[in-house]
Amino acid sequence: MSSIFVRGGVELRGRVEVSGAKNAVLPILAAALMAPSGVTRLESVPRLVDALTMVEVLEQLGVRAAWREDVLLLDAENLTASEASFHLVSKMRASVLIMGPLLGRLGKARVSLPGGCAIGARPLDLHLKGFSLLGAEIVLGHGYIEATASQLIGNTIYLDFPSVGATENIMMAACFAQGLTTIQNAAEEPEIVDLACFINGMGGRVEGAGTDTIVVHGRRPLHAQSYRVIPDRIEAGTYMVAAAITGGDLIIENVIPEHVISLTAKLREAGVTVHSLNDGMHVVSSGVIEPVDIKTLPYPGFPTDMQPQMMALLALACGTSMITETVFENRFMHVPELRRMGANIRTDGRSAVVSGVRALSGAPVTASDLRAGAALILAGLVAEGVTEVCGVGHIERGYVGIVPKLKSLGADIWLGQF
Ligand code: EPZ
């Protein structure tokens, strides 16, 4: 097992380029299943473990895949299966996103029930509610979900929570339904918009993506196409916080500024200088951080995927901050690890009171999930001494080359064995 080691104390300076968005490329890879002919050509596909796992899932279904540098070619003409195995789904929950395309195109989909994960139970009830309302029959058994439908019929589907995955899965299935499907209380994330743009580029007709009401016109002929995935706003945000926490000066390239508005606002409230550039962000910090209150919400609210990183920053603020996590029920797994580094954080249910301390101290800590791991690396960048972050596997799922990218900015960081 390898760990990431960080010796704190370096003010990061320089330029770093953000990769394609993990949470956009995963649903788009699933949507490539919807093209009955031609070769899909995806650009800016991040070489992440999760993206490679999703390609493995597609190949298991009969898709032919090939990489040409950082371009991914996919031919989904001859699908030979309609099932994602326990082995792959247990590796990556987002595999469930193949259900919508398979149900639509083949009339059936069988997917292993994903386990919960560190941040919560993460049920699929809203995905299945949508499929049922489109006319699918759902059978649960032996750890698998099976959805079948001879013909999907458009319908109006209200999501009790604006679930990103449910919105994406239902949107894709609805492309094959007779008539119109309206998704109410839909997720509004940029990754939803990117998926809708990809589907429309295939010949589909999805309207309203980015708002809480999405209308899908069903049964339009679809074809393969070329597409460039949007930049990863959470990777961008992580480097913005890296500049803030180290008192550094970073230019983060390949960022869509409107995708990081809530984070920009919070960093400015914390006393960090943030300038939007044409396709990037310039972040400068004195290292003095004012306390701010954070409440995570569905987009355009403050993203839950940036909550652990902000907690690491606020652990060093000159005052007390309140962080409330409203999206996942158990997303404070990084708190005991930050405490091991000297942070003063008290949690009560979904709220955390973060009392800033003068300094953190390096310690061996464990990443429980992807963003917790990022938060621990950020804390290590400024802690006194060396921090060893175990659980690199989680981090590699969502951050392309985080060690070389931080090293290029001056960080004293390396991969090691323990
Ligand atoms: C996506 O997960 C992202 N993953 C997550 O990013 C992100 O944190 C999350 O959206 C919220 O923004 C991908 O896009 C691959 P949800 P998803 O369905 O779709 C509940 C990261 O670090 N819910 O919006 O699984 C659920 O339990 C990852 O990159 C139901 O109750 O998130 C959760 O509490 C972590 N029933 C809330 O909704 C359902 O059927 C949000 O989940 C579905 C979800």
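Just so you know, these numbers come straight off a predicted model, no measurement behind them.

Q: Now, about the overall build of the chain: what can you tell me, with residues and values included?
A: Secondary structure assignment for the chain yields 14 helices and 24 strands. What you see for the chain is a C-alpha radius of gyration of 21 Å, in line with the 22 Å of a compact globule of 418 residues. C-alpha atoms of the chain, sized along the principal axes, occupy 65 × 45 × 40 Å. When burial is assessed residue by residue, the chain has 58% of its 418 residues classed as buried. Counting contacts in the chain only where the partners sit at least 6 residues apart, residues at least 24 apart contribute 73% of the total. Looking at the chain as shown, the accessible area adds up to about 15,500 Å², and 52% of this sits on carbon and sulfur atoms. Counting 33 positive and 41 negative side-chain charges, the chain places the centres of these two groups 2 Å from one another.

Q: So what about the environment of Gly165? Which residues, and what values?
A: By the secondary structure assignment, Gly165 is in helix H6 (residues 164–174). Gly165 sits 41 residues away from Leu124 along the chain, and the two C-alpha atoms are 8.7 Å apart. Once residues within four sequence positions are removed from consideration, Gly165 is found in contact with Leu97 and His127.

Q: Describe the site of the ligand, listing the residues and the values that go with them.
A: The ligand sits among 22 residues. The nearest are Asp125, Leu126, Ser163, Asp305 and Val327. Here an oxygen atom of the ligand and a side-chain polar atom of Arg93 are 2.9 Å apart. Separating an oxygen atom of the ligand from a side-chain N or O atom of Arg371 is a distance of 2.8 Å. For the shell around the ligand, the secondary structure elements donating two or more residues are helix H1 (22–31), helix H5 (125–133), H6 and helix H12 (370–382). Two domains each provide a minimum of three residues to the shell around the ligand, namely domain 1 (3–15 + 232–416) and domain 2 (24–227).

Q: Please provide a residue-by-residue account of the nonpolar core, values included.
A: Ranked by size, the top nonpolar core spans 77 residues in total, and within it Leu29, Met34, Leu42, Ile98, Leu152 and Met171 carry the most contacts. In terms of residues, this core owes the most to one element, H1, which gives seven residues. If sequence neighbours within four positions are ignored, Met171 has contacts with Ile183, Ile192, Leu195, Ala196, Ile199, Val206, Ile214 and Val216. Among the nonpolar cores identified, the runner-up in size contains 71 residues, and Ile234, Val283, Leu314 and Val392 belong to it.

Q: Which residues make up the sheet that holds strand E8 (residues 137–141), and what are the values?
A: Taken together, four strands build an open sheet; the order of strands is E6-E7-E9-E8 and the sheet is mixed. Only two strands of the sheet have a single partner each, and these edge strands are strand E6 (83–84) and E8. Both E6 and strand E7 (residues 108–112) contribute to a ladder of two bridges, which runs parallel. Note on E7: the bridge partner recorded for Ala84 is Val111.

Calculation notes
- Residues numbered from 1 in each chain as written.
- Predicted model: local features only at pLDDT ≥ 70, side-chain atom pairs only at ≥ 80, totals over all residues.
- Heavy atoms only, no water.
- Helix = DSSP H or I, 4+ residues; strand = E, 2+ residues; numbered from the N terminus.
- Rg over C-alpha atoms; globule rule 2.2 N^0.38 Å.
- Buried < 20%, exposed > 50% of the residue type's maximum accessible area, 1.4 Å probe, protein only.
- Contact = heavy atoms within 4.5 Å.
- Areas by Shrake-Rupley, 256 points an atom, 1.4 Å probe, with all protein chains shown as cover.
- Lys, Arg positive; Asp, Glu negative; His and termini not counted.
- Charge placed at Lys NZ, Arg CZ, Asp CG, Glu CD.
- Near = heavy atom within 4 Å.
- Polar contact = N/O pair within 3.5 Å; in protein donor to acceptor, adjacent residues only side chain to side chain.
- Domains from an automatic or database assignment.
- Core = buried A, V, L, I, M, F, W, Y, C linked by side-chain atoms within 4.5 Å.
- Pairing = 2+ DSSP bridges.

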